[in-house]
Amino acid sequence: KANKANSAFGQMSLFGDDEEEGGLGTFEMREAEKFPLMELLRMEKEMLGFYISGHPLDTFKKEIQECVRVNLADRDTIPFGKQTQLIAQVLGQRVVLTKKGAKMAIYTLQTKDGDLDAVAFPKTFEEVQNKTEVDGIYGFVGTINKKDDDTLSFVIDGITSPSELKPEAVSRIHIRLYNYAEIT
């Protein structure tokens, strides 16, 4: 038999065809509980560096549709210099000191449409400093500005839960007019 010949030379079957010849025996798969979505996404991000099964912001789809009127990927939708709302995941945050020694924070935020740097100046930071943690998802109120190098920054005026943001009025409306003489 080929297995006995291989064994004589110190080789074993990878799958252990025969238990007598040092195989691993039978393997039985058992059903396991599914991970909660947020836990699964956290593990995917930790192990792979990106999400496969979805995105944490998917759970706030309704709030995003009702409360967010800006698409970072479409600069025409950005109301520069005007107060706006975002729902974003905090990818990073660090506390820095101003020249006068006051604390402020710099955040890296991720929306469904892209990443954005944000800042909470001392007065705002004093109000929001214990309201965020990395990987958390929050509702942000503030102003989007364009820097000299054409990158965007967000000045935070307030942080809340996504469900506490106020629905915004429709920011655009498209009206299609028909020439009824041509239709009939």
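Residues numbered from 1 in each chain as written. Predicted model: local features only at pLDDT ≥ 70, side-chain atom pairs only at ≥ 80, totals over all residues. Heavy atoms only, no water.

## Observations regarding the sheet that holds strand β3 (residues 114-120)
Rules: The pairing criterion for strands is at least two bridges between them, as found by DSSP. Secondary structure counts use DSSP, requiring at least four H or I residues in a row for a helix and at least two E residues in a row for a strand, with both numbered from the N terminus. Comment: axis = line fitted to C-alpha atoms, over the contacting stretch for helices; angle = value between 0 and 180 degrees taken between N-to-C directions.
Around the barrel, which closes on itself, the five strands sit in the order β1-β2-β3-β5-β4 with mixed pairing between neighbours. For this sheet, the mean inter-axis angle between neighbouring strands, taken without regard to orientation, is 50°. Pairing geometry for strand β4 (residues 137-146) and strand β5 (residues 152-160), over eight bridges, is antiparallel. Residue K146 lies in a different strand from β5, and its bridge partner there is L152.

## Points about helix α2 (residues 37-48)
Just so we agree on the cut-off: For a helix, the expected span equals 1.5 Å multiplied by the number of residues minus one.
In a regular helix each residue adds 1.5 Å, so 12 residues correspond to 16 Å; α2 covers 16 Å between its end C-alpha atoms and thus fits that length. One or two positions beyond α2, positive phi appears at G49, with a value near 90°.

## Structural notes on the nonpolar core
For clarity, the threshold we go by: To define a nonpolar core, start from buried Ala, Val, Leu, Ile, Met, Phe, Trp, Tyr and Cys residues and group those joined through side-chain atoms within 4.5 Å. Exposed residues in this analysis have more than 50% of their type's maximum accessible area, buried residues have under 20%, and partly exposed residues fall in between, with area computed by a 1.4 Å probe over protein chains only. Here, two residues are considered to be in contact whenever any of their heavy atoms come within 4.5 Å of each other.
Membership of the largest hydrophobic core comes to 28 residues, with the highest contact counts inside it found for Y107, L109, F140, F154 and I156. Not counting residues up to four positions away in its chain, the partners in contact with F154 are T84, L86, L109, L116, D117, A118, V119, F140, V141, G142, T143 and I144.

## A closer look at the pattern of salt bridges
Defined as follows: Salt-bridge detection follows one rule: a side-chain nitrogen of Lys or Arg within 4 Å of a carboxyl oxygen of Asp or Glu.
Applying the stated criterion to the full structure yields six salt bridges. Residue R42 is joined to E46 by a salt bridge in which the shortest nitrogen-to-oxygen separation is 2.8 Å. You can see R42 and its partner E46 sitting in helix α2, four residues apart, about one turn around the helix. Its relative accessible area of 38% is what places R42 among the partly exposed residues. The class for E46 is exposed, based on a relative accessible area of 56%.

Function cannot be read off these values alone, since they describe shape.
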